[in-house]
Every structure is written in C-alpha cells, then in structure tokens.
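Descriptive structure summary
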Amino acid sequence: MRYLPIDNQLFSQNRQRLTNLLKPKSLVVVNANDIMPTNADGTMGFRQNNDLFYLTGVDQEETRLVLFPEHPDPKFREILFLRETSELIEIWEGHKLTKTEAEQTTGIPQKQIYWTHQFEQVFIQLVFEADYVYLNTNEHTRAGIEVQTQDARYIVEFRQKYPLHHLERLAPLMHYLRAIKQPMEIPLIQTAIDITNKMFRRLLGFIKPGVWEYEIEAEMMHEFIKNRSRGAAYTPIIASGANACVLHYIDNSQQCQDGDVILLDIGAEYANYNADMTRSVPVNGRFTTRQRAVYDAVLRVMNEAKQMLRPGNLWDDYHREVGKVMESELIGLGLLDRDKVANQDLDAPLYKKYFMHGTSHFLGLDVHDVGNKYRKMEPGMVFTVEPGIYIREEKLGIRLENNVVITESGNTDLMANIPVEADEIEELMNK
Ligand code: GLY
Ligand code: MN
Ligand code: MN
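Residues numbered from 1 in each chain as written. Chains lettered and ligands numbered in written order. Predicted model: local features only at pLDDT ≥ 70, side-chain atom pairs only at ≥ 80, totals over all residues. Heavy atoms only, no water.

In the nomenclature of an unreviewed UniProt entry, the protein is known as Xaa-Pro aminopeptidase of Spirosoma validum. Annotation of the protein in UniProt includes, under Catalytic activity (unreviewed entry), the sentence "Release of any N-terminal amino acid, including proline, that is linked to proline, even from a dipeptide or tripeptide." Within the UniProt record for the protein, the comment given under Cofactor (unreviewed entry) is "Mn(2+)". (UniProt positions renumbered as here; feature names shortened; annotations may be inferred.)

This is how it looks when you write it as structure tokens:
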C-alpha cells in the first residue's frame, strides 16, 4: 500500500466495539468488495469494503471476516479468510498478504487465518452454534443499489444454505460505530486534509486566465499521488464561470476566462479516508466587488454554521437554522425579497433557489459517510460544512467547504490551515 502502516490496535478495538453491540450467541460475516469490470477483460481499481477495512485493515480483494465472540472455542471467535496466493498470481498481480503479514495488519492471530477456499469447512463448525447471524447490506439513505456486492451475494447464498437461521442487519451497528471517529482515525483524515491543503496552495499559483479546467485537475492529481494518496476522494468538480452552477459538474473541460470565479470541490484520499474541500477563487487573482460580496456572504454562513455544530444538536434543526442565516444573506445580496421571505411556504423556503443542497454530511471512510441523522451530534463525529450560493443569471457559483470534528465544547476545524479568507486567497494568487 502507498499509505504508511496503521496501528492494528485501531482494528482490534473496532472489532471489540462491534462485539459489545451484538446480541448473545451472534455470528458476523463481512466480505470484501469485488473488483469491478470495465469492458472486455478490463477492471477498475480495487476499493475495499469500508466495513471490512474498519474491522480488519485488510486492503485486499477476496477477504472475509467472521466474528463469533461467544463461541466456546476461542480459536473460532475471530477468523479471517484471505486469498491464497500462487506463483502465477505473484507473477501477474504481485504480492498478496501472507498470514504473518495479515496478523500484523489485523491483530488476528495467525492460527485463526485461513485461505478463502477453506471457508466452508471452517464455517460449518461455527454456524450451528449461532442464534443470530449478522450480515451486511448497504443501508446508506442515498445509495442507488444497482450492483450486487459480494456482501449481497453472500446473503443469498447464506439463506439458501441455512434457511432456518435468524438473520440480523449489521449495517445499523456499523453506522453507529463509524459515526464516531476513534482517536486513531482523526490523524488519517487529517493526513488526507493536509495533502489537500498542499494541493490547493499549488493550484493558487497555477490558476490564471487561459488555463483549462483539466489542466488544474492534472496539477491536483500530481500533488495527491506524490503524497501517498491513491488520488481524489471523489470525482473532482473543477467548474469555472457558469459551470459552478451545475452542482455535479465533473466534465472539467472548459477554458478558464478572465473575470470568472472557479469552484474547486476536490479532496484527497489517504488510507481509504477522505478529505472533502471546496474553494472558490477568482481566475485572474482578484474578485470583483460583486463576487467578493457573494464570497463573503458564503463565508459568513460557513462560520455561523460551524458555531452550530456542537454536541447535543440535531441534524434537522441545524439545517433549518443554517437556512435562516442563508436567507438573510440572500436578502442582503438583493437576491431575495424580505417580504416574500416573511410569507414563504416553510416546506419550500425561497433560499433553496440559490442554495439547493444540504449544509453538512458525515465524512470518513466514505465521503458521504454512514451515520444516522436522527442521532444527536456527539464528540468524535466528523462533518463537512459546505454552504454555497449559485446565481445562474450571473454565471456565478460560490461554495466553501471545510471539515470539522465535534469536540466536548464545540468543534475543531480540521481545515483551519487551508486558506479561505478572500484577502489571503488573493494575496497567495498574486505572490
Ligand atoms: N464532494 C462531494 C460533496 O461535497 O458532498
Ligand atoms: Mn465537496
Ligand atoms: Mn461534501
């Protein structure tokens, strides 16, 4: 792996934290992701299943974890199955984990590590002792599930082989755990953010009238990859001028024009953790008066929203309050009428015309990380804060996005070192 080794205490502790949530006499099975096909014999790059990574640290395909914390025989309490390598695999694909390396990575003793093809013979010794079997599904509330994952295939297989077993949903437990970042996870997210910071500072010296959006993307990739990142945490949005008003603009194909603002929604991945940053900068290094007014309005909303990210607050209340702050900024910019706002339909507030997305989402191993929006905010949760104002008639879209971790007394901005004040951006661009 490109990233530096992670202390396996993180993964052992995560397994213990999951164990604490299970019903008595429970068995858990978690699968790796598949390597997805492209066309013909092509494949996409491998991306591990985040739950499996969270519980093991194993970043390799065809891996399976089985937990049975109350099994009478201690050697069946934690079991890992790995793809067995061969000379052929070594020649064509390269090195795969040995059992010794897997013990080092996961903290699971070597004698409890088997090859994947031994699964059935081992599993049959456990499964009939279990009263509950937890299997994994994708329960992200915004997921569009069109592809059957290894976890999903395994549910079908399990039901067929053991039709009378009582199945339980693993996903709610994983969401509950992963929503609160462990102390060892924060530096991993911070590393992704620090790489993003370096990348952004590089871009400030590169962006000027005439450069193409994809040239900026190339600069981004250079800085990410040379810093041990696999690349971008998500498809980057590099949107100049009117493109910034297309929320999911990812074509990045246009030339940047003098006088435009360019919106950069780009974050690095590091060790499967993610940064999610947005900055909006003037292509020629100086905001116009109007651009600056909109920019400062968005920055004020971000700063006020940050104040509201604190323990005990609820997601929906927070979003409603941020909406009010945005409303008053939009009135100040002459975009909304105060009287019309006073009489608006509260289920369809007028500010949505200019700010049509949410302000925050959980962030972690997934960019839109798992977590329950009805759970009160707690220390250890990591959120984005990302207000924006999109004015299509002015070909202007400005969004700012930072990442914060909730603390006992409020939150810490993990992006505090990434330039965001308009004066500082202009100064760095004109150095
Ligand atoms: N970059 C994706 C988002 O901001 O949610
Ligand atoms: Mn973003
Ligand atoms: Mn985001």
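1. A short note on the overall build of the protein
Each helix and strand counted, the protein has 13 helices and 17 strands in total. Against the compact-globule benchmark of 22 Å for 431 residues, the protein has a radius of gyration of 24 Å, which places it among compact chains. Along the longest, intermediate and shortest principal axes, the C-alpha atoms of the protein span 70 × 50 × 40 Å. A total of 431 residues make up the protein; the buried ones form 53% of that total. (Helix = DSSP H or I, 4+ residues; strand = E, 2+ residues; numbered from the N terminus. Rg over C-alpha atoms; globule rule 2.2 N^0.38 Å. Buried < 20%, exposed > 50% of the residue type's maximum accessible area, 1.4 Å probe, protein only.)

2. Some remarks on the pattern of salt bridges
For the coordinates displayed, the defined rule picks out 31 salt bridges. Close ionic contact of Asp265 with Arg399 constitutes a salt bridge, the shortest N to O distance being 2.9 Å. Within this pair, whereas Asp265 is found in strand S9 (residues 261–266), its partner Arg399 is found in strand S15 (residues 396–399), the two being separated by 134 residues in sequence. Like Asp265, the residue Arg399 is buried in the burial classification. For the salt bridge of Lys324 with Glu321, the shortest nitrogen-to-oxygen distance reads 3.1 Å. Of this pair, Lys324 and Glu321 both sit in helix H11 (residues 315–332), three residues apart, roughly one helical turn. By sharing partners, the salt bridges in this structure join Asp51, Arg178, Lys181, Asp366 and Asp369 into a single network. (Salt bridge = Lys/Arg side-chain N within 4 Å of Asp/Glu carboxyl O.)

3. Focus: the coordination of the manganese ion (ligand 3)
Binding of the manganese ion (ligand 3) to the protein goes through Asp276 (OD), His361 (NE2), Glu386 (OE) and Glu401 (OE), at separations of 2.1 to 2.2 Å. Its six donor atoms give the manganese ion (ligand 3) angles of 52 to 154° at the centre, a pattern that matches the irregular case. The metal-metal distance between the manganese ion (ligand 3) and the manganese ion (ligand 2) comes to 3.3 Å, with Asp276 coordinating both. With His361 in the loop between helix H12 (338–342) and strand S13 (382–385) and Glu386 in the loop between S13 and strand S14 (388–391), the pair connects residues that are 25 residues apart, well separated along the chain. On the basis of relative accessibility, which here comes to 9%, the residue Glu386 falls in the buried class. (Donors = N, O, S within 2.8 Å, 3.2 Å for Na, K, Ca; no water. Tetrahedral: all angles 85-135°; square planar, octahedral: opposite > 155°, others 65-115°.)

4. Brief notes about the UniProt feature "domain: Aminopeptidase P N-terminal" (unreviewed entry) in the protein
Mapped onto the present numbering, the UniProt feature "domain: Aminopeptidase P N-terminal" (unreviewed entry) falls at residues 6–144. In the segment residues 6–144, helix accounts for 27% and strand for 16%; the C-alpha atoms at its two ends are 31 Å apart.

5. As for the coordination of the manganese ion (ligand 2)
Of the protein atoms, only Asp265 (OD), Asp265 (OD), Asp276 (OD) and Glu401 (OE) coordinate the manganese ion (ligand 2), at distances of 2.0 to 2.6 Å. Around the manganese ion (ligand 2), the six donor atoms sit at angles spanning 54 to 167°, and that spread fits a shape best called irregular. Linear spacing of the donor residues for the manganese ion (ligand 2) on their chain is D-x10-D-x124-E. Residue classification places Asp276 among the buried positions, given a relative accessible area of 3%.

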